Structure formats: C-alpha cells, structure tokens
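Commentary on secondary and tertiary structure
Given next are the chains, with one letter for each unit.
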Amino acid sequence: MRIETIVTSEELSAIRAGRQAEINFQPMTEEVHRHYTELARERANKIMAAESISPEKIRGNCYYISHFGSDEADGRSPESAWQTIERLHRAFETQEVTEGDGVFFERGSEWNSRFHTETMGDYALLLMPGITYSAYGTGRKPVFMNCLSGSGKEKWRETEYPNVWAYTGNAGGRYGDVGNIVCDGGKAYGIKVTPHEPNHPYQPGVKTVDSGMVTNKMEVFHSGDTLFPNPGGLCNNLEFFHDYEAEVLYLYFDRGNPGEYFSEIMISRRGNVLRSEVKSTDIMVDNLCVKYGGSHGMNLVDCENVTIQNCELGWIGGSLQEMTGTVRYGNAIENWGECDGFYIRSCVVYECYDAQLTTQYISGEPACIMQNIEFSGNVLAFSNSPIELWNNNTPEKLGTENENQFLHVRVMDNYMFYSGYQFGHQRPVKNGSFGCLGAKGFYEVFKDTEITDNVMLYSAVMLHYTRSVGYRNSPYGIMLDRNVYAMQKDKKYYAKSCEYPETNEGSARLYPYSREALETLVSLGTEENSVFYWYDSFLFPEEEQGVYLMLNVWDPESGKQ
C-alpha cells in the first residue's frame, strides 16, 4: 500500500507540541439562520422560474411533446407536437430523432412511467446520447414520475388485520418494490417495513430490519426488529409492507381509510424515472421535474459531457436494491461508472432516501477514472447525504495502471440543509452527512478535488463521512475551505475519518464538532478559512426522542466505532 507524506515533520512536531490554529467558531443565531435560508430560498425560486434553453441553440432538429398533441403529427413544432413518450422512443429506435436533436416537453404536463424492464423496474423516459431535453410553454416544469396513486377511499380496503389497509390496485411484484409513500405533498410519509427475507416474509422466528426510532412527520415510534407472521405485524401509523407474491401493498393507519384522510397519496415504485441504457454522452437535461420514484431520479452510465441544469427532483428512493437482500437505495442523480465531464448546476433537490448528487463505482478492471466533475449552484435539502463520491479501490490496485481515481472535481457554491433529517433519516444505519466522500473504503484516490464556498447547515450526525480529507502539502485528498457550517456542538461530529489524520490511516474515528477538534484539523491545513457555527438545542422535537441517532454504537471517550 502506498504511504503518502501529507505534512512535514516540522508541522507534525508543532501540532503535537500543542500549537493550535485560529478558527472562526461562534454561536449560531436566528439572524444568521434567516440570512442563509433567505439566500437559499431566493436561489431556489430563481431556479424554479428559470427559462428553458432556446431551440435556437439546438444544432439539429427540435421535437415537441404535449398531452394535447398527436402521435400522427410530425412533432416539429408546438402546434404539431407529439402526444406520447412512446412516440419519442420509437423515433429513437428508427433514428428519426438522433444526436444533436432537442426534445421539448410542454410545461404543466405530467408523465408517469409506462416502460418496463425485466429486473430494474419501470421508467418514464430514456436519456439517449447526444440529445438535449428541455421544456417549452409557460408554467411549472414538466413532471416525470414512477408511481401509483393511492388517492381516494376506493383505493384502500380493510383487511382482517386491525387498522391494516390493502391497496386495491395492482401493486406489482418484486421488481416494482414500493420504496416510499408520500401523503399530501409531504405533510406525512410512509415508513417501509422490510423482513430479513423479503421474498419469503412470513417465516416463523424471522424479524424485520431494525430501523430504529423514526418519524412519519405525524408521530414518533420505533420501527422494525419485530416478528412478522403476517401483514398484521404492521403496528404503527403509515408503516407499509409490499407483499411481492400476492402483489399487495399493506398500510397501517388507525385514523380511518387513508384515502379519505389524505387528499393525495403517491406510491413510488422501484425503477429509475429517467434512465440511460447505454453510455451517457453529450446529454443535456434542462428544466425538467422528477418526482416520486423508488430508485434513482436520473440514472446515467459512464457519462461524458453530461449537463443537468435548472431541474427539480424530490421524493426519490427507498426501494430494495437487490431483490434477494434488504439493502434499500435511491439517489436523485447518479452516474454509475467512469465519467469525463459531469456537470450538475442550479438544481433544486429535496427528500431523497440516500444521496442527491453522486457518481459511483466499485473496484474492477481496468481503471475507473472520474474526472472533470462540477456540482455547483444547487439547493439541496433533506437527504441522507447531498453529495456522494465513491470510486473504490482494492489495496492491489493502488499505484498501478488500474488505480481508480477522482480528478479535477469541484463541489462549490451549493446550499445544503438538514442532512439525515425527516425523510432523509430512513436508512437503518443513520449516518446523515453533507458529504459521503469515499467513505466505504480506505483506498479512495482524490486528486485536485475541492469542496469550497458551500453553505452546509444542520446535519443529523456528522458533516463529512470520509477518510480522504486533504491536508497541507498533500498531493492527494479532498481540500475543503471557505465553507459555512452549522452543527450541534459536542453532541455531533465534524467527520467520521481515520485515527491518524496526519497520515489518513488507522481505524475509524469520530471527530466531534468542537473547538478543540476543529482547531486540530485546521492546523493540519484544511478548512482554514471556513466558518463554524454551533448551537446547543435540538432542531426538531423528535430529535429529543433519539430519532436521528446512529444505530451503530461508538465509544464517546475514544471516539472509535
């Protein structure tokens, strides 16, 4: 394994002798909170009202799709728009629509998933190489979803189990696994119950996955770690279970028919709402809205020169990832595999099960290089992690031609709020952070990677989940600076990093959000010009009941986990 020298011996001696850095560590005030939330709200409003890309910028042909169009038309103008995405997909197959063309969807329209894959669930729209996707007309951005409607009392029937309701529609089998349920636009949401053997749920002695203390925004309760002999094992309001074999969705609710109690119930199913099936090259996605999906909002593959801008994404994720296990997943925008040119700019993203903006891969051959990445100008709230960078290596790959690397990465000028809170707290292992940065292994390689000029307010557990912080004179690692943070002092953590920050080695260690810990890290050369606000109180009433605590147990004396 390669060992890097990241600080000089003189610096180490000074640090160990007790030299501390000066840091800007001050109490959080209502005025500061209001200042940054107003700035974020202004930006979000600007993004939501952003103008679409002009058809004049499309070098090829422009095509239009409207619910009021006709598939018999030529699709070449708003007056002769196509009506369905099926017609667009046929045009992709025949190369009637090809690289360099633009596709414009009418604002105010909604498209739900109509296309099926054998093992990856349903989707609403294909993202094809060389195509620009945008909007036309006036009003809100066109919406793409992968969901069922549970609105109306006819959508639910009583069962033999007290307060357990069954969805009257066809919930589908295991590849359409229900990931989340959202009521009245987020006034409340469901809590998924997952047996340890989802394909054979009703086994004697087999318990459900322990989700710890949770909130559905109506109540606080402990969910999971209980026997599940039948759907009657649901016992808390808005807990739900999807029985694949019977293709039935069950929901516990003790306040009457849920379809009468709530005006709207959206049931998100497994499947990427916007999906790539081939290498994602020269794609622009502009001014679209993606909501209510159980897997990823936008799924890209080995992207090259991909830009996503002025989009809205929300209520994403929660379905089972591999249908033989209990791991759940769901990111708002994900690239899987290598990338060269991946730009996410000026998007509003909220309420995600896992990460909001991410590029990921696991170790393999040849090398996976993720380079020229920019996440900037976004407003991100209520997810497990707004940013996730994951490109795992094995020890054998380090220093070889097969070494996976991040190169030339910029995460800058973003507003990030409430990581790991409310809808973003549903992972059984609650490790909410602003950045999940190579956290899954010791061997992530970051070069020329910077996280700067961001506002990151309120994380349920820690600011950064990483072993890859860059320090002074280090050729590797993530450089962090000029950021604004706010966290609960002493009770939460700046980072889950390594035991020896001087060398990024050793076992996992939690660094508390305290003046002493931050001074030590700043003295090593990171966050030198950042501002750290602290507060003592809880943000939400349910926090006092332990809703957002990690289930993992650590030693508060040593900080080791």
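Structure's up top.
Everything numeric here is computed off the predicted structure, so don't read it as measured data.

Focus on the overall build of the protein
If you tally the helices and strands in the protein, you get five helices and 46 strands. For the C-alpha atoms alone, the extent of the protein along its principal axes is close to 75 × 60 × 50 Å. Looking at the 561 residues of the protein, the share that counts as buried comes to 62%. In the protein, once contacts between residues fewer than 6 apart in sequence are set aside, the share between residues at least 24 apart is 74%. A total of about 21,800 Å² of accessible surface is found on the protein, and carbon and sulfur atoms cover 47% of it.

Some points on the nonpolar core
With 78 residues, the main nonpolar core has Phe105, Tyr133 and Phe342 as its most contacted residues. Here this core takes four residues from helix H3 (residues 85–93), the largest share from any one element. Leave out the neighbours within four places in its chain, and Tyr133 touches Phe92, Val103, Phe105, Leu125, Leu126, Leu127, Met128, Ile283, Met284, Val285, Asp286 and Leu288. Counting 46 residues, the second largest nonpolar core, distinct from the first, contains Ile191, Phe221, Met462 and Val547.

Some points on the packing of aromatic side chains
Here the structure, examined in full by the defined rule, presents 35 aromatic pairs. The rings of Phe382, Tyr415, Phe417, Tyr418, Tyr421, Tyr458, Tyr535, Phe540 and Tyr548 are connected pair by pair, giving a single aromatic cluster. One Lys or Arg, Arg76, reaches over the ring of Tyr63 and ends 5.5 Å from the middle of that ring. The side chain of Arg275 reaches across the aromatic face of Tyr123, ending 5.8 Å from its centre.

What about the pattern of salt bridges?
All told, the structure shown has 17 salt bridges when counted by the stated rule. Glu86 is the partner of Arg114 in a salt bridge, and the nearest nitrogen-oxygen pair spans 2.4 Å. Pair noted here: Arg114 is in the loop between strand E4 (110–112) and strand E5 (115–116) and Glu86 is in helix H3, with a separation of 28 residues, a long-range link. Given a relative accessible area of 22%, Glu86 falls into the partly exposed group. Put simply, Asp448 and Arg410 hold a salt bridge, and the shortest N to O gap is 2.8 Å. One end of the pair, Asp448, is in strand E39 (residues 446–452); the other, Arg410, is in strand E36 (residues 405–412), with 38 residues separating them in the sequence. Residue classification places Asp448 among the partly exposed positions, given a relative accessible area of 34%.

Some points on the environment of Leu510
Along the chain, the position of Leu510 falls in strand E45 (residues 505–512). It is 6.0 Å that separates the C-alpha atoms of Leu510 and Ala495, two residues lying 15 residues apart in sequence.

Side note on the state of the cysteines
A covalent bond between the sulfur atoms of two cysteines is what we call a disulfide. By the definition in use, this model includes zero disulfides. There is no disulfide at Cys289, and the cysteine sulfur nearest it, in Cys311, is 8.8 Å away. According to the relative accessible area criterion, Cys289 is buried, its value standing at 2%.

So, helix H2 (residues 30–48)
With 19 residues, H2 should reach 27 Å at 1.5 Å per residue; the first-to-last C-alpha distance of 26 Å fits that figure. Residues of H2 that are buried: Val32, His33, Tyr36, Thr37, Ala40, Arg43, Ala44 and Ile47. Along the axis of H2, the buried positions cluster into a sector of 120 degrees, meaning they face one direction only. Exposed positions of H2 whose direction lies more than 90 degrees from the buried face are Glu30, Glu31, Glu42 and Lys46.

Comments concerning the side chain of Asp481
Structurally, Asp481 is set in strand E42 (residues 478–481). Summary of buried charges: Asp481 has no salt-bridge partner, and the nearest side chain of opposite charge, Arg482, is 4.2 Å away. With residues up to four places along the chain from it excluded, the contact list for Asp481 reads Ile451, Thr452, Asp453, Glu527, Glu528, Asn529 and Ser530.

Re helix H5 (residues 515–523)
Taken as a whole, H5 has its buried residues at Ala517, Leu518, Glu519, Leu521, Val522 and Ser523. Following H5 by one or two positions, Gly525 adopts a phi angle in the positive range, close to 110 degrees.

A few points about the sheet that holds strand E31 (residues 348–352)
Taken in spatial order, the eleven strands line up as E1-E46-E43-E40-E37-E34-E31-E26-E23-E9-E4 in an open sheet, and their pairing is parallel. Every other strand in the sheet has two partners, leaving strand E1 (24–27) and E4 as the edge strands with one partner each. Between one strand axis and the next, the sheet turns through 10 degrees on average, direction left out of account. Summarising the sheet, strand E43 (residues 484–488) and strand E46 (residues 531–535) pair through five bridges and their orientation is parallel. Following the sheet pairing, Met487 is matched in E46 by Trp534. Contacts between H2 and the sheet are confined to strand E26 (312–316), E31, strand E34 (379–381), strand E37 (415–419), strand E40 (455–459), E43 and E46, with E37 contributing the most and set at about 115 degrees to the helix.

A closer look at the pairing of strand E18 (residues 239–243)
Summarising burial for E18: five of the five residues are buried, a large majority. A two-sided burial pattern is seen for E18, the buried positions comprising Glu239, Phe241 and Asp243 on one face and Phe240 and His242 on the other. Where strand E15 (residues 191–192) meets E18, two bridges bridge the pair, whose relative direction is parallel. If you follow Lys192 over to E18, its bridge partner there is Phe240. With four bridges joining them, E18 and strand E19 (residues 248–252) adopt antiparallel strand pairing. Following the sheet pairing, His242 is matched in E19 by Leu249. Linking E18 to E19, which pair antiparallel, is a turn of four residues; within it Glu247 sits at a positive phi near 55 degrees.

About the cut-offs
Residues numbered from 1 in each chain as written. Predicted model: local features only at pLDDT ≥ 70, side-chain atom pairs only at ≥ 80, totals over all residues. Heavy atoms only, no water. Helix = DSSP H or I, 4+ residues; strand = E, 2+ residues; numbered from the N terminus. Buried < 20%, exposed > 50% of the residue type's maximum accessible area, 1.4 Å probe, protein only. Contact = heavy atoms within 4.5 Å. Areas by Shrake-Rupley, 256 points an atom, 1.4 Å probe, with all protein chains shown as cover. Core = buried A, V, L, I, M, F, W, Y, C linked by side-chain atoms within 4.5 Å. Phe/Tyr/Trp six-rings, centres within 6.5 Å; stacked < 30°, edge-to-face > 60°. Lys NZ or Arg CZ within 6 Å of the ring centre and 35° of its normal. Salt bridge = Lys/Arg side-chain N within 4 Å of Asp/Glu carboxyl O. Disulfide = S-S within 2.5 Å. Expected span 1.5 Å × (residues − 1). Arc of directions from axis to C-beta. Lys, Arg positive; Asp, Glu negative; His and termini not counted. Pairing = 2+ DSSP bridges. Axes fitted to C-alpha atoms, helices over the stretch in contact; angles between N-to-C directions.

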